[in-house]
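# Summary of the model geometry
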Amino acid sequence: MGRRARARRLQQQQQQQQQRRRPGSAEDGGGQRSGAGWEGGYPEIVKENKLFERYYRELGIVPDGEWDQFMEALREPLPATLRITGYKSHAKEILHCLKNKYFKELEDLEVDGQKVEVPQPLSWYPEELAWHTNLSRKILRKSPQLEKFHQFLVSETESGNISRQEAVSMIPPLLLDAQPHHKILDMCAAPGSKTAQLIEMLHADMKVPFPEGFVIANDVDNKRCYLLVHQAKRLGSPCIMVVNHDAACIPRLHMDVNGRKEVLFYDRILCDVPCSGDGTMRKNIDVWKKWSTLNSLQLHGLQLRIATRGAEQLVEGGRMVYSTCSLNPIEDEAVIASLLDKSEGALELADVSSELPGLKWMPGLTQWKVMTKDGQWFTVWEDVPHSRHTQIRPTMFPPKDPEKLQAMHLERCLRILPHHQNTGGFFVAVLVKKSSMPWNKRPPKLQGASAEPRGPVQPSLTDPTGGSASHPSELERQPATGIGDTETIERTENLENNGNKKDGVCGPPPSKKMKLFGFKEDPFVFIPEDDPLLPPIQKFYALDPSFPKMNLLTRTAEGKKRQLYMVSKELRNVLLNNSERMKVINTGIKVWCRNNSGEEFDCAFRLAQEPRVASS
């Protein structure tokens with residue numbers, strides 16, 4: 001740096017110092033906090049919204065005499081909650097360490113003259129694997145007495161042994177009742193805390209390294225998909241796949257079953273839809289000033305489309321959990337009632353009142369009204385003026401037929417209120433599929449190892465405003481005019497096989513068939529069993545002959561293979577049969593990485609060092 005440049009830099013620094021010393025600056029006390037907020041900064045958000053209070057008072061979601069406690073709880077900060085993650089044996093070791101060392105050290109401890117509340121287990125979460133505490137992040141970070149406890153939490157969170165997760169968001173996976181053999185779809189999965197719970201459920205039996213089930217975690221936001229990948233990597237499971245699709249029209253997948261291509265129906269589906277989020281006011285204080293009924297009116301149609309698509313892909317006898325972090329019946333009971341109505345008995349609400357003992361909840365509403373953003377109420381669809389028909393739809397109102405309404409058992413829905421157990425607000429409903437959806441009574445006719453024919457355009461499941469429209473399944477069940485099913489399938493397969501597709505290559509779908517968003521992903525290429533890459537690895541690591549070499553894949557179609565991943569045989573089946581239908585972001589667990597210096601030892605690959613591996 002020259003002499004003139006140094007002089008200019010010094011002059012700028014002097015000017016900045018003078019600026020900071022002016023009255024009203026932070027050093028002069030002007031940045032001190034006052035009752036009105038930060039002077040010269042952002043005003044403190046006032047936790048009041050008259051329209052919010054008027055709306056929920058009128059709907060009666062809070063029991064008589066509890067309104068003040070309800071509002072007071074909403075204005076209080078949300079207590080910190082943590083969940084001990086990972087597979088059971090490992091989780092129990094972490095729990096033992098927490099209870100017998102760190103929690104005991106917090107007993108009779110005072111910070112800034114106040115007694116520290118010892119963390120307590122959530123009464124309804126199994127095996128004491130979830131805890132809540134009123135210790136704020138600031139106290140944890142700043143207090144010397146809590147330094148060891150804070151360092152332990154940080155290190156265990158980074159390694160994936162502990163997860164900061166809101167208490168109510170732990171409920172849907174528990175009610176899903178996932179088992180190791182279940183095929184599971186998480187439709188709106190990011191950021192992935194619920195997905196992690198589902199993966200843990202798959203690996204409930206530590207003696208089985210490759211469960212028969214798997215989790216396909218989807219999100220429409222390409223960037224948020226990488227949050228999912230991060231969460232999944234911490235658990236190191238070969239049974240997880242992250243995909244990037246619009247949940248309302250997520251493609252129907254296929255699997256090879258004894259040489260026949262059959263439609264993949266899921267045993268469990270988690271449908272945690274996008275919502276207005278007024279149950280999160282305690283942590284997202286922006287909601288106080290931004291809340292309006294318009295948010296719910298705009299989201300209702302999307303939520304219904306996603307739930308409908310989920311119901312279509314659920315196997316008969318399967319269970320789907322619909323959940324929101326909203327208290328609004330337009331996003332909650334109205335969606336469930338409309339879905340039950342259009343299912344014509346194919347779906348029913350399950351009674352899960354006894355499945356989480358200790359959890360306090362309110363039964364779902366059977367009557368509600370619709371309010372516009374300017375405070376105008378409508379009780380029935382017929383009262384809505386034509387000018388508002390694009391904003392308010394008939395599916396937003398409760399069924400008028402008393403018998404039909406009673407048969408729906410909407411009281412089986414669960415609404416969690418913040419003041420009952422010091423949590424956020426939440427809504428959850430558990431649906432069981434009794435038979436095929438009425439527009440999908442005839443299953444698709446798939447013969448041999450053929451692919452499902454697809455039309456050039458995939459219609460929406462329902463009209464965006466909530467009205468009925470054609471479904472993709474309607475297109476599937478209508479054969480092409482003058483062409484038999486077998487001939488149609490063969491023609492489609494021939495079209496797909498033309499080109500440069502190679503055996504074992506599962507890449508992202510061609511852009512002409514599906515519009516891709518975000519980054520272009522590398523292909524997934526399964527390594528042939530006769531690949532010369534494998535014998536040196538097998539010899540060096542003394543792999544058992546039963547080692548599933550056919551489940552190894554890499555992400556480079558050509559050139560040197562740098563990373564080797566492992567998936568379960570079921571996910572291999574899904575990948576190989578759906579490369580043209582889905583955009584896969586990530587799958588499986590990294591097993592080996594190329595290490596060129598290892599070639600002198602006759603093996604060019606070292607074991608990958610992930611934060612946690614499946615055998616931990």
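Details of the structure are given in the entry above.
Residues numbered from 1 in each chain as written. Predicted model: local features only at pLDDT ≥ 70, side-chain atom pairs only at ≥ 80, totals over all residues. Heavy atoms only, no water.

## Some thoughts on the pairing of strand 27 (residues 589–594)
- Most of strand 27 is tucked away: five of the six residues are buried.
- Bridge count between strand 25 (residues 563–566) and strand 27: four bridges; the pairing is antiparallel. Note that in strand 27 the partner of Gln-563 across the bridge is Cys-593.
- By the bridge criterion, three bridges tie strand 27 to strand 28 (residues 605–607) in an arrangement that is antiparallel. If you follow Trp-592 over to strand 28, its bridge partner there is Leu-607. (Buried < 20%, exposed > 50% of the residue type's maximum accessible area, 1.4 Å probe, protein only. Helix = DSSP H or I, 4+ residues; strand = E, 2+ residues; numbered from the N terminus. Pairing = 2+ DSSP bridges.)

## Examining the packing of helix 4 (residues 88–105) against helix 6 (residues 147–158)
- Helix 6 packs onto helix 4 with a crossing angle of 165 degrees between their chain directions and a minimal axis gap of 11 Å. Judged on the interaxial angle alone, helix 6 and helix 4 are roughly antiparallel. For the pair helix 4 and helix 6, the sense of crossing is left-handed. Contact residues: Ile-94, Cys-97, Leu-98, Tyr-102 and Phe-103 in helix 4; Lys-148, Phe-149, Phe-152 and Glu-156 in helix 6.
- Its residues placed into classes, the contact of helix 4 with helix 6 shows seven nonpolar, no polar and two charged. (Axes fitted to C-alpha atoms, helices over the stretch in contact; angles between N-to-C directions. Parallel < 35°, antiparallel > 145°, perpendicular 65-115°, else oblique. Left-handed = near helix turned anticlockwise from the far one by under 90°. Contact = heavy atoms within 4.5 Å. Nonpolar A, V, L, I, M, F, W, Y, C, P; charged D, E, K, R; others polar.)

## Digging into unusual backbone geometry
- A cis amide bond links Ala-190 to the next residue, Pro-191, at an omega of 5 degrees.
- Here Pro-191 shows up in the loop between strand 9 (183–186) and helix 8 (193–202).
- Of note in the backbone geometry, Asn-422 takes a positive phi value of approximately 55 degrees without being a glycine.
- Within the element layout of this structure, Asn-422 appears in the loop between helix 14 (418–421) and strand 21 (426–433).
- On the accessibility criterion, Asn-422 (32% relative accessible area) is partly exposed.

## Thoughts on helix 9 (residues 222–235)
- All of the buried residues in helix 9 are Asn-222, Cys-225, Leu-228, Val-229, Gln-231, Ala-232, Arg-234 and Leu-235.
- On the buried face of helix 9, the contacting elements are helix 6, strand 8 (162–164), helix 8, strand 10 (214–218), strand 11 (240–243) and strand 26 (584–587).
- N-cap assignment for helix 9: the residue whose side-chain oxygen lies 2.9 Å from the backbone N of Lys-223 is Asp-221. (Polar contact = N/O pair within 3.5 Å; in protein donor to acceptor, adjacent residues only side chain to side chain.)

## Section: the pattern of salt bridges
- Applying the stated criterion to the full structure yields 18 salt bridges.
- The residue Lys-434 makes a salt bridge to Glu-348 at a minimum N-O spacing of 3.8 Å. One end of the pair, Lys-434, is in the loop between strand 21 and helix 15 (472–477); the other, Glu-348, is in strand 16 (residues 347–349), with 86 residues separating them in the sequence.
- Of the residues examined, Lys-434 reaches a relative accessible area of 48% and is grouped as partly exposed.
- A single salt-bridge network, built from bridges that share partners, covers Asp-332, Glu-333 and Arg-415. (Salt bridge = Lys/Arg side-chain N within 4 Å of Asp/Glu carboxyl O.)

## Some remarks on empty space enclosed by the protein
- Within the structure shown, the criterion is met by five cavities of 30 Å³ or more.
- Approximately 130 Å³ is the volume found for the largest cavity.
- In terms of lining, the largest cavity is formed by 15 residues, of which the most central are Ala-232, Lys-233, Asn-586, Gly-588 and Ile-589.
- Counting residues per element, the ones that place at least two in the lining of the largest cavity are helix 9, strand 11, strand 26 and strand 27.
- Of the residues contributing to the lining of the largest cavity, the split by class is seven nonpolar, five polar and three charged.
- What the second largest cavity holds in volume is close to 60 Å³.
- Lining of the second largest cavity is provided by Leu-78, Pro-79, Thr-81, Leu-122, His-132, Glu-166, Ala-167, Gln-421, Asn-422 and Thr-423.
- Its residues placed into classes, the lining of the second largest cavity shows four nonpolar, five polar and one charged. (1 Å grid on protein atoms, 1.4 Å probe; cavity = no way out; pocket = protein on both sides within 12 Å on 5 of 7 lines; lining within 4 Å. Points joined across faces, edges and corners; volume = space filled by probe spheres on them.)

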